[in-house]
Amino acid sequence: MPFSPLGSVTLKTGETLRLSCVLGPEPDHAGRVAPFLGHKQPTWRWHIERALREPLDGLETRFYLGEIGGRIVGNVCTFESNGVGILGHVFTTPDQRHKGVAGSVMAAALEDFHARGGTILTLGTAYGSNAYRIYKGLGFVSVTPGSGEMILGLAPEEMGTLFTSGAVTVHPARWSDGPRLSLLFLQPEGPYLRNLAYERFGSSNMEGPGLQLQWDRDHGDLCGAWVMANEAGRAVG
């Protein structure tokens with residue numbers, strides 16, 4: 001459903017935080033959700049606004065919201081395809097912090113992700129930061145030692161099992177490739193040079209560069225981009 005209530009929780013202050021999920025496209029909520037994340041960089045705002053108003057090649061963009069008195073005060077996003085997702089845009093308005101908003105919205109997002117059959121989530125944050133410690137407490141682990149690139153649902157040493165040899169197909173890069181490309185580029189083992197055009201070296205997150213690729217494709221700044229996928233639908237090249 002485009003809009004799903006997810007119940008409510010009582011915050012440390014005694015206030016009620018109402019939880020919900022908006023699955024794009026959902027134009028009826030675009031006027032509320034997009035401005036809340038208006039502080040994001042231009043490419044991210046472009047994605048947010050498009051995801052709220054039109055389908056994006058099968059990419060499922062979900063906005064998990066926390067509201068107090070009808071006002072949005074917290075958000076967590078997932079960008080998903082076939083049970084694999086990227087977690088991002090974790091944000092609480094400054095005047096509502098230290099109440100438990102972010103943790104409550106995050107818990108609702110993870111519960112919903114798993115209830116829908118989601119298996120793997122990745123994210124990028126600053127290693128050792130408060131956010132890093134929160135994610136670690138929720139079960140995320142660093143893909144490589146000392147890294148803020150994190151994964152939930154699969155041990156880093158098991159990531160190679162996703163990319164068994166076999167028949168492959170090739171298709172033009174699309175929005176729904178994003179989460180699977182991040183899994184490919186986050187591999188702890190393999191060549192140091194992963195992608196020269198988007199400056200991906202070693203184990204690295206493709207969240208931002210993957211979005212930039214779509215921006216370049218849409219704005220005519222890209223000659224071409226193709227993705228190789230195996231029979232399980234994993235991006236392998």
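Further up the page is the structure itself.
Everything numeric here is computed off the predicted structure, so don't read it as measured data.

Reading the values: the criteria
Residues numbered from 1 in each chain as written. Predicted model: local features only at pLDDT ≥ 70, side-chain atom pairs only at ≥ 80, totals over all residues. Heavy atoms only, no water. Salt bridge = Lys/Arg side-chain N within 4 Å of Asp/Glu carboxyl O. Helix = DSSP H or I, 4+ residues; strand = E, 2+ residues; numbered from the N terminus. Phe/Tyr/Trp six-rings, centres within 6.5 Å; stacked < 30°, edge-to-face > 60°. Buried < 20%, exposed > 50% of the residue type's maximum accessible area, 1.4 Å probe, protein only.

(A) Fine view of the pattern of salt bridges. In this structure the tally under the stated criterion is 11 salt bridges. With a closest N to O distance of 3.1 Å, Arg217 and Asp57 form a salt bridge. Of this pair, Arg217 sits in helix H6 (residues 207–218) while Asp57 sits in the loop between helix H2 (42–53) and strand E3 (60–68), and the two are 160 residues apart along the sequence. Overlapping salt bridges bring together Glu60, Arg62, Glu80, Asp112 and Arg116 as one network.

(B) Fine view of the packing of aromatic side chains. Under the counting rule described, the total for this entry stands at 7 aromatic pairs. Ring centres of Trp46 and Trp175 lie 5.4 Å apart, and the angle between their planes is 40 degrees; this geometry places the pair in the tilted category. Of this pair, Trp46 sits in helix H2 while Trp175 sits in the loop between strand E9 (168–172) and helix H5 (178–185); the two residues are 129 residues apart in sequence, bridging distant segments of the chain. A residue is classified by how much of its surface remains accessible, and Trp175, at 6% relative accessible area, is buried. When the ring of Tyr192 is compared with that of Phe201, the centres are 5.7 Å apart and the planes differ by 25 degrees; the resulting orientation is stacked. By relative accessible area, Tyr192 is classed as exposed at 61%.

In short, shape yes, function no, at least from these values alone.
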